[in-house]
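# What the coordinates show
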Amino acid sequence: MAFFLFFAVLFLQPVSGSAEENIAELFDQEQLAGDLEQLQQDLENLKVRKIPVNSADAEELRQLPWLNSGDILAIIEQRNLKGRLDSLRDIEGVIGREKAAAIAPYIAFDDPVALRKAVRKDEAATGSYYSRLSFDTTPRDGLSNGRYPGDNFKIYNRLQADYANFHVSLVHDKDIGEPDVADFVSLSLSASDIGIVRQAVLGNYRLNFGQGLLVGQSRFMSKGSAPSNSVRIGSKRLSPFASSSEYGFFQGAAAKLDLQPLEVTAFWSANLVDARNTTGTITSFDESGYHRTTTERDHKDNVTETVYGAGLLYHFSSGAVTGRAGGTWLRYDYGEPLKALGSLEGASSLGSLECDLLIGRLGFFGEAAWSEKPHGRVSWIAGLDYQVLPKVNIQFAVRDYDPGYYSPFAGAFAERGDNASNEKGCYIGIEGAISSKVSMGAYVDWFRFPKLNPDPKVYAYPSSGYDTRIFLTWKQSPMVTWNLQVQHKEKEDVLKQCANGSVSCKSKEKVYAPLPMVTDRFRLDCDIDLSRKLHLRSRGEVKRVVEDFLAGDETYYGWLFYQQANFRAGRFGLKGRFTVFHTDDYDAAIYTYEDDLPFVFNSTAFSGRGKALFLVASWDVTRNLKLAGKFETTWFDDRDVFGSNKDDRRDTSAPGSVHLGCFLKF
């Protein structure tokens, strides 16, 4: 016990519920599906240009990932009944104290006109500069064998500045092993709320239409601890790009115009992307962003992706019914044949229709998208949200993604078909507060793949499965909170196996066959606020995977336990976690979210046997200057080298890394 308390005091972060903590807690409980760095940047921008909670529509409120559809419906209903919400206490009465505290930095109670005037009135330029550097304690083999001509450093810099209604963002990133110190540079210039121009961007930007079937470049989360808020995409239609992710954005110009009751979004892009096209046909796109080896550098920016189009929305309101409906059309061209289009064409058109209705506490949403090539097929999704009782919300959705539909820019809700292709499914999620101390949530997602593998040479036959999860939160006391997750999933994969069912055979005797997999997972967290300065978290997780090979069943187990402590005293903060893990196979790997430097988000897969440690220290030198550092290492008991790739391999059983960061506001 004495050691436990000593460890707790020695390592970690505050309990005060800061915006950074609320974001980290959200990421820790969700199934992550997108670029979280971009989500963090979007939230940082909302601190400057806050959401006017008394006039914001459902789309604007969905930018706040803590709010589910029931929360949004309740806020709008309460606003309509009362006339306006005057303080955070009014919000607390609708969605609860914790959620109200989480969204507080991003909302304002003034009307939009007053907010815009306040922004314009402030003539001083504001901004931030963030820089970080990291390196491995044991260099990768690619650095010594010459295949990685760069150095053992990852470098990141980001500069953002705001003046009145204008914003500029500049991002620079170089990965370990890359020889070009300016391997990736991203620039975006944007303006907002100038006359009929709601948003205009020059440079790099992201788009989202409908539910992401046509274009969904900002779907950040999927099935997670908010079961009634999993399906809808919650991002703005147009936003500047300010992430180090090297794929999933457009480069050119775009604008969103407010022509009440119409809204028009027009865009043009000519972006260089990494493609695998050694045969003269683009077989796939490289989304990793790595340019270390000769092959990776040969693929860098080797294809120009040209995209242009426009979206039109009609906003309407009639009595208790409010909503919007419209459509989007775009055309893209890669300048050379694309395998996904049949290897004969490199250009195609896409179109979609979308609708979003709100009738009291009932919300309807949907999108149907059409692709001209390769087969002129349609994918669609439709769903509803309903607040059954105060603080009890339900979401239901049906999806049908045709195997012949293709969009390079889709970000759809799916089990695996986030490109809005080759998947059918039915999702239902419910969550609610049973009492002031207990809340529960659950979802079931039934899915079917018309082709388990689209390649007719592999296994182009149907396959079905389902995924279900239960969440329970119990606030035992003001100091102690328990969080429980239980998951059961049944799903098939494809694997080449011996046709006669034996364990081993000659290669020519093997055939592609479905591999049924059953996964059971149990996770329990205990959070203890010992004081306003010290927070403890203990987590235990157990996982079982059963794989039904033709030769017989194989069962793999995995378990993990960690103890984390967060400590804050004045301007100084410490975070630390010690983890013990044991898994029989990589399929039984256990994933956990890890705290890191500001604006860095990591989900780590623990596989094998061993122990791990990370320490994060931060120092607020002044109100506007923050320094931070992190050390992490893992001690493996079942291997002498780390990594299977010959270039990424590190000749140690204890790989580690050091991270240093500096954040400056001005």
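Heads up: these notes are all about the structure in this document. Here the structure is a predicted model, which means the values were calculated and not measured.

Here the focus is the overall build of the chain. Secondary structure assignment for the chain yields ten helices and 31 strands. Relative to the globule expectation of 26 Å for 666 residues, the C-alpha radius of gyration of the chain, 25 Å, shows essentially globular dimensions. Expressed along its principal axes, the backbone C-alpha trace of the chain runs to roughly 75 × 70 × 50 Å. Of all 666 residues assigned to the chain, the portion counted as buried reaches 51%. Excluding contacts between residues fewer than 6 apart, the proportion of contacts in the chain whose partners are at least 24 apart in sequence is 61%. Summed over its atoms, the accessible surface of the chain is roughly 28,900 Å², and 58% of this surface lies on carbon and sulfur atoms.

The next point concerns the pairing of strand 14 (residues 321–333). Pairing analysis gives 13 bridges linking strand 13 (residues 303–318) to strand 14, with the strands arranged antiparallel. Paired with Tyr308 across the strands is Arg331, a residue of strand 14. Connecting the antiparallel pair strand 13 and strand 14 is a turn made up of two residues, with Gly319 showing a positive phi of about 65°. Here 13 bridges tie strand 14 to strand 15 (residues 347–359), and the two strands are oriented antiparallel to one another. What sits directly across from Gly326, in strand 15, is Glu354.

Pairing geometry for strand 17 (residues 378–389) and strand 18 (residues 392–401), over nine bridges, is antiparallel. Along strand 18, the bridge assignment pairs Ala382 with Val398. The antiparallel hairpin formed by strand 17 and strand 18 contains two residues in its connecting segment, where Lys391 sits at a positive phi of about 70°. Taken together, the ten bridges between strand 18 and strand 19 (residues 423–433) define a ladder with antiparallel strand orientation. From the neighbouring strand, Arg399 faces strand 19, where its bridge partner is Gly425.

Here the focus is the state of the cysteines. Applying the stated criterion across every chain, the model contains one disulfide. Disulfide pairing places Cys498 opposite Cys505 at an S-S distance of 2.2 Å. For the disulfide bridge between Cys498 and Cys505, the dihedral angle about the S-S bond is near -105°, and by the sign convention the bridge is left-handed. Here Cys498 falls in the buried class, since its relative accessible area comes to 3%.

In terms of nonpolar packing, the biggest core is built from 41 residues, with Phe285, Leu330, Tyr332, Tyr334 and Phe409 touching the most fellow members. Among the elements of the structure, strand 7 (197–207), strand 9 (250–259), strand 10 (262–273), strand 13, strand 14, strand 16 (362–371) and strand 18 are those that each provide at least two residues to this core. At three residues, the largest contribution of residues to this core is made by strand 7. With 32 residues, the next largest nonpolar core counts Ala58, Ile75, Phe220 and Phe601 among its residues.

Take the pattern of salt bridges next. Taken as a whole and assessed by the stated rule, the structure comprises 49 salt bridges. A salt bridge links Arg377 to Asp402, with the shortest nitrogen-to-oxygen separation between them at 3.3 Å. Of this pair, Arg377 sits in the loop between strand 16 and strand 17 while Asp402 sits in the loop between strand 18 and strand 19, and the two are 25 residues apart along the sequence. What makes Arg377 partly exposed here is its relative accessible area of 36%. Lys424 serves as the salt-bridge partner of Asp400, at 2.8 Å between the closest nitrogen and oxygen. Of this pair, Asp400 sits in strand 18 while Lys424 sits in strand 19, placing them 24 residues apart in sequence.

On to helix 5 (residues 69–82). The end-to-end C-alpha distance of helix 5, which contains 14 residues, comes to 20 Å, matching closely the 20 Å that a straight helix rising 1.5 Å per residue would cover. Listed in full, the buried residues belonging to helix 5 are Ser69, Gly70, Asp71, Ile72, Leu73, Ala74, Ile75, Ile76 and Arg79. One side-chain oxygen of the residue at the start of helix 5 lies 2.7 Å from the amide nitrogen of Asp71, identifying that residue as Asn68. Positioned one or two residues after helix 5, Gly83 has a phi angle of 105°, which is positive.

Helix length check: helix 3 (residues 36–48), at 13 residues, gives a terminal C-alpha distance of 19 Å against a target of 18 Å (1.5 Å per residue), a fit within 8%. Listing the buried residues of helix 3 in full gives Leu36, Glu37, Gln38, Leu39, Gln40, Gln41, Asp42, Leu43, Glu44 and Leu46.

Looking along the chain, the bond that leaves Gln260 and enters Pro261 is cis, with omega of 5°. Inspection of the secondary structure puts Pro261 in the loop between strand 9 and strand 10. Residue Pro374 follows Lys373 across a cis peptide bond; omega there is 10°. Here Pro374 shows up in the loop between strand 16 and strand 17. Its identity as a non-glycine residue notwithstanding, Asp301 has a phi of 50°, on the positive side. Within the secondary structure layout, Asp301 lies in the loop between helix 10 (294–299) and strand 13. With a relative accessible area of 34%, Asp301 lands in the partly exposed category. At Asn422, a residue that is not glycine, the phi angle is positive and equals roughly 60°. Summarising the element assignment, Asn422 is placed in the loop between strand 18 and strand 19.

Moving on to the environment of Ser502. Its location among the elements puts Ser502 in the loop between strand 22 (480–498) and strand 23 (510–529). Residue classification places Ser502 among the partly exposed positions, given a relative accessible area of 27%. Sequence-wise, Ser502 and Phe549 are 47 residues apart; in three dimensions their C-alpha atoms are separated by 9.6 Å. At 2.7 Å, the side chain of Ser502 forms a polar contact with the side chain of Asn500.

What follows is about the packing of helix 5 against helix 6 (residues 88–95). Where helix 5 meets helix 6, the closest approach of the two axes is 9 Å, and the angle between their N-to-C directions is 125°. Regarding the angle of helix 5 to helix 6, the classification is oblique. Note that helix 5 runs across helix 6; the crossing there is right-handed. Of helix 6, the residues touching helix 5 (which contributes Asp71, Ala74, Ile75, Gln78 and Lys82) are Asp90, Val94 and Ile95. Here the contact of helix 5 with helix 6 is built from residues that sort into four nonpolar, one polar and three charged.

Thresholds applied
Residues numbered from 1 in each chain as written. Predicted model: local features only at pLDDT ≥ 70, side-chain atom pairs only at ≥ 80, totals over all residues. Heavy atoms only, no water. Helix = DSSP H or I, 4+ residues; strand = E, 2+ residues; numbered from the N terminus. Rg over C-alpha atoms; globule rule 2.2 N^0.38 Å. Buried < 20%, exposed > 50% of the residue type's maximum accessible area, 1.4 Å probe, protein only. Contact = heavy atoms within 4.5 Å. Areas by Shrake-Rupley, 256 points an atom, 1.4 Å probe, with all protein chains shown as cover. Pairing = 2+ DSSP bridges. Disulfide = S-S within 2.5 Å. Core = buried A, V, L, I, M, F, W, Y, C linked by side-chain atoms within 4.5 Å. Salt bridge = Lys/Arg side-chain N within 4 Å of Asp/Glu carboxyl O. Expected span 1.5 Å × (residues − 1). Polar contact = N/O pair within 3.5 Å; in protein donor to acceptor, adjacent residues only side chain to side chain. Axes fitted to C-alpha atoms, helices over the stretch in contact; angles between N-to-C directions. Parallel < 35°, antiparallel > 145°, perpendicular 65-115°, else oblique. Left-handed = near helix turned anticlockwise from the far one by under 90°. Nonpolar A, V, L, I, M, F, W, Y, C, P; charged D, E, K, R; others polar.

On their own, these measurements won't tell you what the molecule is for.
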